[in-house]
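Observations on chain architecture
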Amino acid sequence: MTAIMTKESAVLEGAFLSADKLCRPASLSSVQKAEWNQVGKPILQAVGQICRQDEPDSHPDPQVLNWKKRIICIVWQKLLCAEAKEDVEETWRENSLFCLQNSLPEVNSVVLLELVKSTAAAKIFANFLLHLPLPSICIELKRLAQHVRSDPKREEDVQFLLDVWRELWKGKHETKVRDGECIEIMFASHFARLSSKSCSLSPQAAKRLKLDTPGLPASSANTDVLHILLHTLKDMTDQVSSTDLCFQSLSVSLDALYTSFLIDQEVILSVKEKLCILCKFISAGGKKENVTAELVHEAQRNLHASHSPSQFQPNVMKLGEALKIITELAQCWRDRNVLNICDGSVSSNSVLQLEQSIQRVVTALEVKHPTAVTEKNILEHLLTSLAFPTIESSPEVHAKVITTIIRHRLEDYKNVAVLFATETSLDCDERWMDCLERNQAAFQQHGIVVSLSSTLMTKLHGGSSDVGRNRKLMKIIADIFSALSLEDKNKALGAMVRLSSRGFFGGSVPSAVTQGFEQELNMAFNCIIQGGGGTPAAVSQGTLTTAVSLVARVAFQNPEAALRSCCHSAVFNKGAFSIVGQILQQLPGLRGQSGVKDEEETKDTEGKKHVGRNAVRACSLLCRCLKEMLRNKSLSANDKEQFVKFVGLLMLPDAHEEQGRSFLSPQEVVNNFVLPNISAEGRSSVNTDLGLQLLHIALSMDIQEPQHPSCHWMLNCSPVPLLYILAQLYNQASRCWDQPQESTIHLHFMSSKELLVSILTRLGQVVGSVVEAVPSKWSRALFWLYNKMEELDWTARFYLKPVWGQHFKNEVPSSLLAVCDLPEQDWSGLDLPQYGQGTGLLAWLECCCVSDSLKSTMLSCLSLDQRQPDHVNMFSKGLLVALTQILPWCSISQWTRLLRVLRELITSGRLNVPFSLEYVDYLPLLDLRQFSCDLRLSVLLLRVFQLLCGSSCSHWLSASGCSHVSRLYAHAVRDIINSVKAKLPLSSPGAAAGSASISLKPPASIESSPCHISLEPPTMYEDPLTDSGNSAWVSRESHLEIEGEAAPSQEVLFVLSQLFCHVQHIQVMIPGGQSESLFLCSLEILSHYEATMATFPDSCGPLECNNTRHFFSTITDNLDNQEMKAVLLQKIAQLVSSAA
């Protein structure tokens, strides 16, 4: 407690000394109640001067207002210290008010209580009491009761008693002084210290103080506050002479009875009910014009006190006794004609309080104590006979009360703010807007923001013409929304999407209002893109947080427009899909289901029957925006790639959610973007490819599988018809190089077949697990699907083996069974027209392409007697023809699997591939045994292309088909190169240092001129090779570290030279002669050759280098494409010069 100001101390000390002189020959310690009017004048004048009571309209400093509380505390402590005979030496150390307290003369309880009564300090007095223990409160209340009942008894004494009573029921009301110490707590602490010493007091002092100590046990009667107060009021019945005081007495006593006996928990009132009561009290008090925070706060305290259980539960008085006293008082005052509502002296506030008090008690008695009939009848009669007037509050008072509660953060202001948010009264528009703008922090709850938005939407859609006010209100709501936490923002966004997908602009809104929003929307996304959203690099957390806030703000005003901009930015700005996806993942509130199709989609799908028509049709707002963009925008290849990445990012589960939901569920993506695009009606090469990519991502999502497979999300996407559609696409991909019929739409790219196989395999596993869990439920669907597959390529059924399970055998062309010993219990033959006699090896190779497991089965069950040379030769020739037939329809993965089959056949001796030295004059003295498989495989592929490009097959493949088989051959050559590289030892980690790293780019016009050349191969004995794609080849150091056996560098150079010859030969044979993939492959071989010679210089002498230049130049001259030829000749010249 800070030191008391000298001026005020002197004034107060002088006043008490003057009053003490007026008592002579006695003193203030013995003054009587009747003498106070004369003796107390100096004290009251001093208090009035210190507390500035002569300036009722002034607003003094709070520290000055605390003086009244300090004065009461000082006088009370002076009285207690005198009664306890406290030692001054102890007091000055522990009492911060000791200086002023010690300067005052001794006082008695009359001085304290009359000072409280005269200065209207009942609230302060009661607040001090509430900080004391219950027995001490009762002792002090008895002192008060004795004082008010002593002569001369006046009506003011009854008013004083009621004021203290009412404040006790309201509860504590602490205020802190400037240095933060609560004066009530300090008083209670001093009181407790005096109580602890009461055992050592003289009997007389102890009798006067009567503190609650172990030495002085209080009887139960001493701790019944209601008993003390109600009996005191009863004893002063005759002093109540005015109607207003009579009403107050009945109201206070009825409220005390209600909260002590008739309720055991707080009565919950709605916010509207509370406001209605508060407004009535303020209107009844005649304070309509000046609704202050203090006035509303006191009304709230009154309301709370009358609806909450009393903290002073009676332990002596019973309900019947209390009811009897109150009804006797009412009857007595009625007989004396005091209860007369027509009396002009009664205040409306007292009338309203008494009316509500009687109603509460009567209602509670009917429910809980129906036996108290007499007392209830008296109260009901009183209620009807008084004919209480109706008190109404105006809308203006209602608005003032609401704004006051919000502005000053009074009790329940958050719930009042919710009610305020729905206020649309035109009479309160100015005050409503001003309160909202000045107190935005009070409205920072998602529910309030949604209510405010609903109010604004009502005004906008109701044709409000005040554009300026509407725009201002929109900005205020957006500002409040921006201040919410991310969690509350998402709740508000979800609510807004449910209200209207277009937010504030869902109806007819003036263009002047929308114009400002369009500018804000554009600025928000420009900031995101310019701030790093246009690059794929990871953005900082601060940048992401800012971006999320910007998007959330515009999305709350118009979710649909914001999501459209998100989609546009993610797809058409390079790399922006990443940050936009991250933003939306943090705003799951925007993923709410709209459940309604847009009109255009409804028209497009009307009358169509396609896959998934029975699938769940719930479509999120983002889905609608994405579909609209696909319909209205032309997407480039890069745009489609970004679209797929964007959707894939949004399908990732949210790691911050327990359920791990994604912004776009895989089910939603499949139903809205896959099924419509791959169905017969919506199929096109572009749409199908996009749909397959999305389906592949959806199936690969790391979503926790359900405990029961029968609950998989794919079940809501028509899985069985989807399998059939995918099988149809696979069937078309297997014939993609045939001339398509008019009614057939085929896939143009073999890469889609690769994707298709992966999807079929994964989807087959999913459906298979479901079928296995509940086989009886799926039997009809399985038979339907199996029968539909008869019209498709027979290999498609193998991808659905997990779906069939053990229900069906593996059905293959009957010709396959002639070349493969397969068990009859698992395999059966099909009579297919296109698989006649001699096509068994073709079917055998097709099975090898399907899967690794089926490849192993085919190799192990192949029927071939290797002891019969004729059989091996016939098998080798037949396989060559079959390989030529199947090559164009292989995807990369299938071709890779076939290459492993060919190596296995060559290594095991089942496939005979004679190696002829077409490109050498004589046999070099080299050990080529470890390269035998690589050389034979290269020759086999050369023979395949000689057949494929021969006259009998010259018109078989289109230009796209030729490009495809060229890519497959280039892939095979790289596989052979890797095999050759593996045979050259690499024992030094520094191998990379000596490697050749060459970046190769073909000319832009590499396919500009056609080339038709017949090749007559020159002769040579060895050939160089290098890899431009691998920086790590072999180094001089690794060569030097080889011990015991020299590295087969010459053999490697010979093998690479043969590969170069084969590649060049095939490139000339390919129609057009300008295959880019083969051209790049030739460059790679030369680069590998160069790296080998650089690492092992002894492997090639000057003469061999010169022969190499001449040979490579001669064979390259056969190319007709001048640009390709120039690049290769330049590379050959560099190769020979570097070796020299």
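Above: the structure in question.
These numbers were taken from a predicted model, which means no experiment stands behind them. (Residues numbered from 1 in each chain as written. Predicted model: local features only at pLDDT ≥ 70, side-chain atom pairs only at ≥ 80, totals over all residues. Heavy atoms only, no water.)

Here we take up the overall build of the protein chain. Secondary structure summary: the protein chain contains 51 helices and two strands in total. Taken over 1140 residues, the protein chain has a buried fraction of 53%. For the protein chain, contacts bridging at least 24 residues in sequence account for 81% of all contacts bridging at least 6. In the structure as shown, the protein chain presents an accessible area of about 50,600 Å², 51% of it carried by carbon and sulfur atoms. (Helix = DSSP H or I, 4+ residues; strand = E, 2+ residues; numbered from the N terminus. Buried < 20%, exposed > 50% of the residue type's maximum accessible area, 1.4 Å probe, protein only. Contact = heavy atoms within 4.5 Å. Areas by Shrake-Rupley, 256 points an atom, 1.4 Å probe, with all protein chains shown as cover.)

So, on to the environment of H1065. With respect to the helices and strands, H1065 occurs in helix α48 (residues 1049-1069). Measuring from C-alpha to C-alpha, the distance between H1065 and F945 comes to 9.5 Å, with 120 residues separating the pair along the chain.

Across four bridges, strand β1 (residues 810-813) lies against strand β2 (residues 827-830) in parallel orientation. From the neighbouring strand, V812 faces β2, where its bridge partner is G829. Viewed along the sheet, the connection from β1 through helix α40 (residues 814-819) into β2 turns out right-handed. (Pairing = 2+ DSSP bridges. Right-handed = clockwise from strand over helix to strand, strands pointing away.)

A few words now on the nonpolar core. Residues L726 and W844 are the most contacted members of the largest nonpolar core, which totals 245 residues. In terms of residues, this core owes the most to one element, α48, which gives eleven residues. Ranked by size, the runner-up nonpolar core spans 104 residues in total, among them W36, L80, V110 and A256. (Core = buried A, V, L, I, M, F, W, Y, C linked by side-chain atoms within 4.5 Å.)

The next point concerns the pattern of salt bridges. Any two side chains of opposite charge can pair if their charged atoms end up close together. All chains considered together, the criterion is met by 40 salt bridges. The shortest N-O distance in the salt bridge between R564 and E628 comes to 3.2 Å. Highlighted residues: R564 in helix α28 (residues 559-572) and E628 in helix α31 (residues 621-632), separated in sequence by 64 residues. Judged by relative accessible area, R564 falls into the partly exposed class, the value being 33%. Measuring nitrogen to oxygen at the nearest pair gives 2.3 Å for the salt bridge that ties R797 to E811. One end of the pair, R797, is in helix α38 (residues 796-799); the other, E811, is in strand β1, and 14 residues separate them in sequence. Overall, E811 belongs to the partly exposed group, its relative accessible area being 21%. One continuous salt-bridge network, built from bridges that share partners, spans K123, E167, K170, E298 and R301. (Salt bridge = Lys/Arg side-chain N within 4 Å of Asp/Glu carboxyl O.)

Before going further, it helps to examine helix α32 (residues 637-650). Look at α32: 20 Å from first C-alpha to last across 14 residues, which is about the 20 Å you get at 1.5 Å a residue. Taken together, the buried positions of α32 are occupied by D639, Q642, F643, V644, F646, V647, G648, L649 and L650. (Expected span 1.5 Å × (residues − 1).)

The next point concerns the side chain of E167. Assignment of secondary structure puts E167 in helix α10 (residues 155-170). Residue E167 is classed as buried on the basis of its relative accessible area of 10%.

Looking now at unusual backbone geometry. Residue P25 follows R24 across a cis peptide bond; omega there is 15°. Here P25 shows up in the loop between α1 (6-22) and α2 (36-39). A cis geometry characterises the amide bond from D151 onward to P152, with omega recorded as -5°. Following the sequence through the fold, P152 ends up in the loop between α9 (134-149) and α10. Of note, the phi angle at A120 is positive, near 55°, even though the residue is not glycine. Backbone geometry places D412, a non-glycine residue, at a positive phi of 65°. Residue placement: D412 occurs in the loop between α20 (395-407) and α21 (413-421). A residue is classified by how much of its surface remains accessible, and D412, at 24% relative accessible area, is partly exposed.

In this structure, K376 sits in helix α19 (residues 373-386). Using a relative accessible area of 13% as the deciding quantity, one classes K376 as buried. Not counting the four nearest positions on each side in its chain, K376 is found in contact with V362, L365 and E366.

Turning our eyes to something else, we now look at the environment of T404. Here T404 shows up in helix α20. Of the residues examined, T404 reaches a relative accessible area of 4% and is grouped as buried. For T404 and E294, which are 110 residues apart along the polypeptide, the C-alpha to C-alpha distance reads 9.7 Å. Residue contacts for T404: discarding those within four places in its chain leaves V291, T292, A293, V296 and L410.

Take the packing of α9 against α10 next. Each pair of packed helices gets described by two things: the angle between the helix axes and the distance between those axes. Running from amino to carboxyl end, α9 crosses α10 at an angle of 160°, the nearest separation of the two axes being 9 Å. Of the possible angle classes, the one that applies to α9 and α10 is roughly antiparallel. The two elements α9 and α10 cross, and the hand of that crossing is left-handed. Along the contact surface, α9 presents L141, L144 and V148, while α10 presents D157, F160, L161, V164 and L168. Grouping the constituent residues of the contact of α9 with α10 by class yields seven nonpolar, no polar and one charged. (Axes fitted to C-alpha atoms, helices over the stretch in contact; angles between N-to-C directions. Parallel < 35°, antiparallel > 145°, perpendicular 65-115°, else oblique. Left-handed = near helix turned anticlockwise from the far one by under 90°. Nonpolar A, V, L, I, M, F, W, Y, C, P; charged D, E, K, R; others polar.)

Enumeration over the complete set of coordinates arrives at 29 aromatic pairs. Taking 5.7 Å as the distance between ring centres and 70° as the angle between the ring planes, the aromatic pair formed by Y724 and W784 counts as edge-to-face. Residue Y724 is located in helix α35 (residues 719-733), and its partner W784 is located in helix α37 (residues 775-788); the two are separated by 60 residues in the primary sequence. Since its relative accessible area comes to 8%, Y724 is described here as buried. Ring centres of W804 and F808 lie 5.7 Å apart, and the angle between their planes is 90°; on these two criteria the pair is classed as edge-to-face. Residue classification places W804 among the buried residues on the basis of a relative accessible area of 3%. Residue F808 is classed as buried on the basis of its relative accessible area of 16%. Ring pairing ties together the aromatic residues W76, F125, F128, F160, F187 and F191, which thus form one cluster. Taking NZ or CZ as reference, R70 lies 5.8 Å from the ring centre of W67, over its face. One cation-aromatic arrangement involves R797 over Y786; the distance from NZ or CZ to the ring centre is 4.1 Å. (Phe/Tyr/Trp six-rings, centres within 6.5 Å; stacked < 30°, edge-to-face > 60°. Lys NZ or Arg CZ within 6 Å of the ring centre and 35° of its normal.)

Moving on, we get to the packing of α31 against helix α33 (residues 666-678). One way to put it is that α31 packs onto α33 with a least axis distance of 11 Å and a crossing angle of 25°. On the basis of their axis angle, the class for α31 and α33 is roughly parallel. With respect to the hand of their crossing, α31 and α33 are arranged in right-handed fashion. Residues C623, L626, K627 and L630 of α31 touch α33, and the partners they reach there are E668, N672 and F673. Looking at the contact of α31 with α33 residue by residue, the class counts come to four nonpolar, one polar and two charged.

Geometry only, nothing functional implied.
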